[in-house]
Structures are given as C-alpha cells and as structure tokens.
Amino acid sequence: DAMVIQNPRYQVTQFGKPVTLSCSQTLNHNVMYWYQQKSSQAPKLLFHYYDKDFNNEADTPDNFQSRRPNTSFCFLDIRSPGLGDAAMYLCATSRARDSNQPQHFGDGTRLSIL
Amino acid sequence: AQKITQTQPGMFVQEKEAVTLDCTYDTSDQSYGLFWYKQPSSGEMIFLIYQGSYDEQNATEGRYSLNFQKARKSANLVISASQLGDSAMYFCAMREGLTPFGGSTLGRLYFGRGTQLTVWP
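Residues numbered from 1 in each chain as written. Chains lettered and ligands numbered in written order. Predicted model: local features only at pLDDT ≥ 70, side-chain atom pairs only at ≥ 80, totals over all residues. Heavy atoms only, no water.

**Quick word on the side chain of R68 of chain A**
Residue and element names in this part refer to chain A.
Working step 1: Turning to its location among the elements, R68 is positioned in the loop between β7 (64–67) and β8 (73–78).
Working step 2: Within the structure, R68 has its side chain in polar contact with the backbone oxygen of H29 (distance 3.1 Å).
Working step 3: One polar contact links the side chain of R68 to the main-chain carbonyl oxygen of T71, over a distance of 2.9 Å.
Working step 4: Sequence-distant contacts of R68, defined by excluding residues within four places in its chain, comprise Q25, H29, N30, V31, M32, Y49, Y50, D51, F73 and C74. (Helix = DSSP H or I, 4+ residues; strand = E, 2+ residues; numbered from the N terminus. Polar contact = N/O pair within 3.5 Å; in protein donor to acceptor, adjacent residues only side chain to side chain. Contact = heavy atoms within 4.5 Å.)

**A short note on unusual backbone geometry**
Working step 1: With an omega of -10°, the peptide bond between N7 of chain A and P8 of chain A qualifies as cis.
Working step 2: Looking at the secondary structure, you find P8 of chain A in the loop between β1 (4–7) and β2 (10–13).
Working step 3: Notably, N28 of chain A is not glycine yet its phi reads approximately 60°, a positive angle.
Working step 4: A positive phi is found at K16 of chain B, a non-glycine position, where the angle reads about 80°.
Working step 5: Of note, K16 of chain B is situated in the loop between β2 (10–14) and β3 (19–21).
Working step 6: The class of K16 of chain B is exposed, set by a relative accessible area of 68%. (Buried < 20%, exposed > 50% of the residue type's maximum accessible area, 1.4 Å probe, protein only.)

**Some points on the sheet that holds β8 of chain A**
For sheets, the rule is that strands pair by backbone hydrogen bonds, running either parallel or antiparallel.
Residues and elements named next belong to chain A.
Working step 1: Taken in spatial order, the four strands make up an open sheet running β1-β3-β8-β7, and their pairing is antiparallel. Both outer strands of the open sheet, β1 and β7, are each paired with one neighbouring strand and no more. With strand direction ignored, the average angle separating the axes of adjacent strands in the sheet is 20°.
Working step 2: Of the pairings in the sheet, the one linking β1 to strand β3 (residues 19–25) comprises four bridges and is antiparallel in character. For V4, the partnering residue across the bridge sits in β3 and is Q25. (Pairing = 2+ DSSP bridges. Axes fitted to C-alpha atoms, helices over the stretch in contact; angles between N-to-C directions.)

**Here's the deal with the pattern of salt bridges**
Working step 1: Inspection of every chain in the model, using the stated rule, returns five salt bridges over all chains.
Working step 2: Salt-bridge contacts for E44 of chain B lead to R9 of chain A; the nearest nitrogen and oxygen are separated by 3.8 Å. Highlighted residues: E44 of chain B in the loop between β5 (32–39) and β6 (46–52) and R9 of chain A in the loop between β1 and β2, drawn from two different chains.
Working step 3: Classification of R9 of chain A as partly exposed rests on a relative accessible area of 30%.
Working step 4: For K44 of chain A, the salt bridge identified is with D59 of chain A, shortest N-O distance 3.3 Å. Here the residue K44 of chain A occupies a position in strand β5 (residues 44–50), and D59 of chain A occupies one in the loop between β6 (53–56) and β7, the gap between them amounting to 15 residues.
Working step 5: Taking the relative accessible area as the measure of exposure, D59 of chain A reaches 52% and is therefore exposed. (Salt bridge = Lys/Arg side-chain N within 4 Å of Asp/Glu carboxyl O.)

**A few points about the state of the cysteines**
Residues and elements named next belong to chain A.
Working step 1: Counted by the stated rule, this structure contains two disulfides over all chains.
Working step 2: Between the sulfur atoms of C23 and its disulfide mate C91 the distance is 2.0 Å. The disulfide joining C23 to C91 has a torsion of about -75° about its S-S bond and is therefore left-handed. Here the residue C23 occupies a position in strand β3, and C91 occupies one in strand β9 (residues 87–94), the gap between them amounting to 68 residues. (Disulfide = S-S within 2.5 Å.)

**Examining the layout of surface pockets**
Working step 1: There is about 400 Å³ of room inside the largest pocket.
Working step 2: Lining the largest pocket are 19 residues, with A42, P43 and K44 of chain A together with F111 and G112 of chain B positioned closest to its centre.
Working step 3: Going through the elements one at a time, β5 of chain A together with β11 (109–111) of chain B are the ones with two or more residues in the lining of the largest pocket.
Working step 4: At three residues, β11 of chain B tops the list of elements feeding residues into the lining of the largest pocket.
Working step 5: Grouping the constituent residues of the lining of the largest pocket by class yields nine nonpolar, four polar and six charged.
Working step 6: Quantified by volume, the second largest pocket comes out at close to 320 Å³.
Working step 7: Every residue lining the second largest pocket is counted, 18 residues in all, and those nearest its centre are Q37, S39, S40 and R110 of chain A together with Q39 of chain B. (1 Å grid on protein atoms, 1.4 Å probe; cavity = no way out; pocket = protein on both sides within 12 Å on 5 of 7 lines; lining within 4 Å. Points joined across faces, edges and corners; volume = space filled by probe spheres on them. Nonpolar A, V, L, I, M, F, W, Y, C, P; charged D, E, K, R; others polar.)

Okay, here's the thing in structure tokens:
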C-alpha cells in the first residue's frame, strides 16, 4: 500500500543533542509537510517542500531545519533540542494542485527530551 | 481571526447514538476544501471525510457525514451509530485555493483546536 512512513515512532534525545526525524512516502506526491503537535493542541505547520522548493513558516524557530534529498524522503533536523521541543512530529504529503485531496499523514514521531 | 473554530473541547456520547461535532470556518476564497481528521491516542492522523466549497451535496463516508452550510460557514461532522473505537480527538481543517502558485500557503491546512470525543458503553 502507498503510504507515508515516519521513523522512528518514538525518539528520546538529550537536551541540546541534535536529532533527525525521517519521513518517506510512496505516493509520489509533490508536497511534503512537517507539523509539530504539542499535547492537546492542533498540529502546527513548521515548513513544507513543493518539489525542491522549501517554504518556511514565519514563526518556525531557526533551531528547526529540513532536507528533502529526493521526492520520497524528507528529514526534520532539530539542531539543539530544548525541553519545549518535546512534541509529536507529523509528516504529511499532498499533490500540490489538488486541493480536494487530503493530506496523507504518517503515524508521527513522538519526541522526548531528557 | 481564526480560520477554523471548534467550540466543543469535549463531547460525550453513548454507544450506538449519533453525535455532531461542530466546525465553523472563515475564508474569503471562493474555492476551498474542508476536511475532518480523527486522531486516536496513538497519534496518527486519519482522514475521514472531505467537502468541497462547490459541492452541492453533503459528503458522506459510511457512518460519517458532513453537514455543510455554506452561508453559515459551518461544516459539522455527524457520526451515526457511535462505536467505542470512535473515541478520539477530531480535527476540522480547511485548505484554500485550487491553483496555488508558490508562497507559504501552498496547499496548507488550517486546523481547529479539536474536539475530544468519548464514547461510553
């Protein structure tokens, strides 16, 4: 089945230690998104790629970076995680021009900071 | 102003009963889409149902239906015959524009704060 896969499902890192979360998709979608979701809150868009074009949300901290080496993979890098970065991170994909199509989400990576 | 408003932080319903989760939206676009997602405690976001702004009929998907009232800018989710497995957080979301050309709003979803649904036996 075509899908969005996030690894790992759970990630524990130390305060200030860089961490990378990964997302892959078999849907061949142009757009890939990264969301941060804190407990009992709505997902918050961090940034997205339209093909290779990177679009950062204005309020996304510089601590968060992303890479998309090819259509299938997208990575979220947190350079120096703080306690406030503990959250669920959701990756999603969509075809850019089909607004009647849903974004397809992965199962998420739950990040804990020690 | 918030794009999506969900005024019910929590809802309770007995098994086999129907429940309506409210959602109102704010947009000046003529062409937009409305989505409902379900998020169980395990965290994954599951797409439930979609309603396009130009769709004349209310969307239905199995036990889910969308009560779309365009003039009121509301898109309420109706779950019929609730099941214990329906207990989850439910998010309403909107996507604006059919022909995005670049910019940070390209296909982005605006989410509401969610409604926590609890189904009891």
